[in-house]
Amino acid sequence: MAYQPRSSADADIYSHLLKRHVYNYPENGTHKKWVSPQLMVLFESGDVNQVTEAIVNDLVHPIGSEMIACVLVEESIRDEVIKKIRGSLKPMDERLQHHPNYLKSVRLIDRMNCQTIHLEEYDESDTKKCYGRRQSGSPIVVLDFPQYFFGDKPTSIITMSTFRSLNEVVKLYKREGVFFDSVSVWSSKLAQCFDLMTRIPQVSQWCFNIRPQSFKYPQLPPQPFSNVTIIQRHHHETHVIGGKVKTITFPIKPEYSL
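Residues numbered from 1 in each chain as written. Predicted model: local features only at pLDDT ≥ 70, side-chain atom pairs only at ≥ 80, totals over all residues. Heavy atoms only, no water.

(A) Molecular detail of the overall build of the protein. Along its length, the protein carries seven helices and 12 strands. Expressed as a percentage of the 258 residues in the protein, the buried residues total 45%. For the protein, contacts bridging at least 24 residues in sequence account for 66% of all contacts bridging at least 6. Here the protein has roughly 14,500 Å² of accessible surface; of this, 51% comes from carbon and sulfur atoms. (Helix = DSSP H or I, 4+ residues; strand = E, 2+ residues; numbered from the N terminus. Buried < 20%, exposed > 50% of the residue type's maximum accessible area, 1.4 Å probe, protein only. Contact = heavy atoms within 4.5 Å. Areas by Shrake-Rupley, 256 points an atom, 1.4 Å probe, with all protein chains shown as cover.)

Quick look at the structure:
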């Protein structure tokens, strides 16, 4: 049962404590700086359903480590992806609906009149649901704006932009203004995945058709060296280039093509 203050003084104290808790949540400090943020890149041949599921799940509690910060979608499937996300959204964790990071993003979204994907609510008189508005505390995907516009701390939102070529993917990656710890590329063409990887040398961890949380990468030796291993139907590559380690992982599936 929720706490019920007995007097106005109790209510003020409770409100103050609750506000302080919200400002300090999560306790691990992931609201203060990005911790292993992820970029997802979805090509036309990629698994739209898995990408949609990952986005929707991260938006339930969009502050933390290894969260999706940005999704780049090939133009030909943009409308399909938006429709699937909109139809699959779940309510956001109540602890984040009043979080200052989220509220700041909402204010900026309204100020810049950003197009968004969100949960909608309607007046009772709107029986045909023609005039929806964003539900208070709704999870949000912002379209065609980079994270850079919403500040340098975790924003509680996911941004989504559209590309037509690999060169545009690289430009959009740089525009986000976030140092991504990993990139998850979704395409049935492995050559396409590797081609993109060569164009973004800044990222050290790459996953093709899988998210980093879905597997445990083999422990690297104190002095890493380039090698290839296969563990539990996952292909793992380690490359040491110029003293920097780059890892690649993808599940082994018979339908992959080059």
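(B) Molecular detail of helix H6 (residues 166-175). The set of residues buried in H6 consists of Leu166, Val169, Val170, Leu172 and Tyr173. For H6, the buried positions fall inside an angular range of 165° around the axis, keeping them on one side. Facing away from the buried side of H6 by more than 90 degrees, the exposed set consists of Lys171 and Lys174. Buried-residue contacts for H6 involve strand S1 (38-42), strand S2 (68-74), strand S7 (158-163) and helix H7 (190-199). In the stretch just after H6, Gly177 is the one whose phi turns positive, near 75°. (Arc of directions from axis to C-beta.)

(C) Fine view of unusual backbone geometry. Between Tyr25 and the following residue, Pro26, the backbone shows a cis peptide bond with an omega angle of -5°. By the secondary structure assignment, Pro26 is in the loop between helix H1 (8-23) and S1. Even without glycine at this site, Asp144 takes up a positive phi of about 65°. Using a relative accessible area of 37% as the deciding quantity, one classes Asp144 as partly exposed. The phi dihedral of Asn209 falls on the positive side, at around 60°, and the residue is not glycine. Here Asn209 is to be found in the loop between strand S9 (205-208) and strand S10 (227-231).

(D) Summary view of the layout of surface pockets. The computed volume of the largest pocket comes to approximately 220 Å³. Forming the boundary of the largest pocket are Met197, Thr198, Pro201, Gln202, Val203, Ser204, Ile241, Lys244, Val245 and Lys246. Looking at the lining of the largest pocket, the elements with two or more residues in it are H7 and strand S12 (244-251). Ranked by the residues each element gives to the lining of the largest pocket, the list is headed by S12, at three residues. Residues that form the lining of the largest pocket fall into these classes: five nonpolar, three polar and two charged. (1 Å grid on protein atoms, 1.4 Å probe; cavity = no way out; pocket = protein on both sides within 12 Å on 5 of 7 lines; lining within 4 Å. Points joined across faces, edges and corners; volume = space filled by probe spheres on them. Nonpolar A, V, L, I, M, F, W, Y, C, P; charged D, E, K, R; others polar.)

(E) Spotlight on the confidence of the model for the protein. Mean pLDDT over the protein: 89, with 90% of residues reaching 70 or higher. Note that pLDDT drops below 50 for residues 13-18; the model gives that stretch two contacts with residues more than four away or on any other chain. (pLDDT = per-residue confidence, 0-100.)

(F) Up close: the packing of aromatic side chains. Evaluated as defined, the whole model comprises seven aromatic pairs. Where Tyr148 meets Phe149, the ring centres are 6.2 Å apart and the plane angle is 80°; that geometry is what we call edge-to-face. Residues Phe194 and Phe250 carry aromatic rings whose centres are separated by 6.3 Å and whose planes lie at 85° to one another, so their mutual orientation is edge-to-face. Taken together, the residues Phe194 in helix H7 and Phe250 in strand S12 connect sequence positions 56 residues apart. Relative accessible area serves as the criterion here: at 7%, Phe250 is assigned to the buried category. Through a chain of ring-to-ring contacts, the aromatic side chains of Phe145, Tyr148 and Phe149 assemble into a single cluster. (Phe/Tyr/Trp six-rings, centres within 6.5 Å; stacked < 30°, edge-to-face > 60°.)

(G) How the structure looks around the nonpolar core. Counting residues in each nonpolar core, the largest one holds 26 residues, and the members touching the most others are Leu39, Val41, Leu72, Val185, Leu196, Trp206 and Phe208. Elements with a contribution of two residues or more to this core: S1, S2, H6, strand S8 (182-186), H7, S9 and S12. The leading source of residues in this core is H6, at five residues. If near-sequence neighbours (up to four positions away) are discounted, Leu72 is found in contact with Leu39, Met40, Val41, Leu42, Ser161, Phe163, Val169, Leu172 and Tyr173. (Core = buried A, V, L, I, M, F, W, Y, C linked by side-chain atoms within 4.5 Å.)

(H) The arrangement of the sheet that holds S12 in detail. Taken in spatial order, the 10 strands of this open sheet run S3-S6-S7-S2-S1-S8-S9-S12-S11-S10, and their pairing is mixed. Only two strands of the sheet have a single partner each, and these edge strands are strand S3 (116-118) and S10. Put simply, the sheet's adjacent strands are angled 20° from each other on average, direction ignored. Note that S8 and S9 share four bridges and pair parallel. Across the sheet, residue Ser182 finds its bridge partner in S9, namely Gln205. (Pairing = 2+ DSSP bridges. Axes fitted to C-alpha atoms, helices over the stretch in contact; angles between N-to-C directions.)

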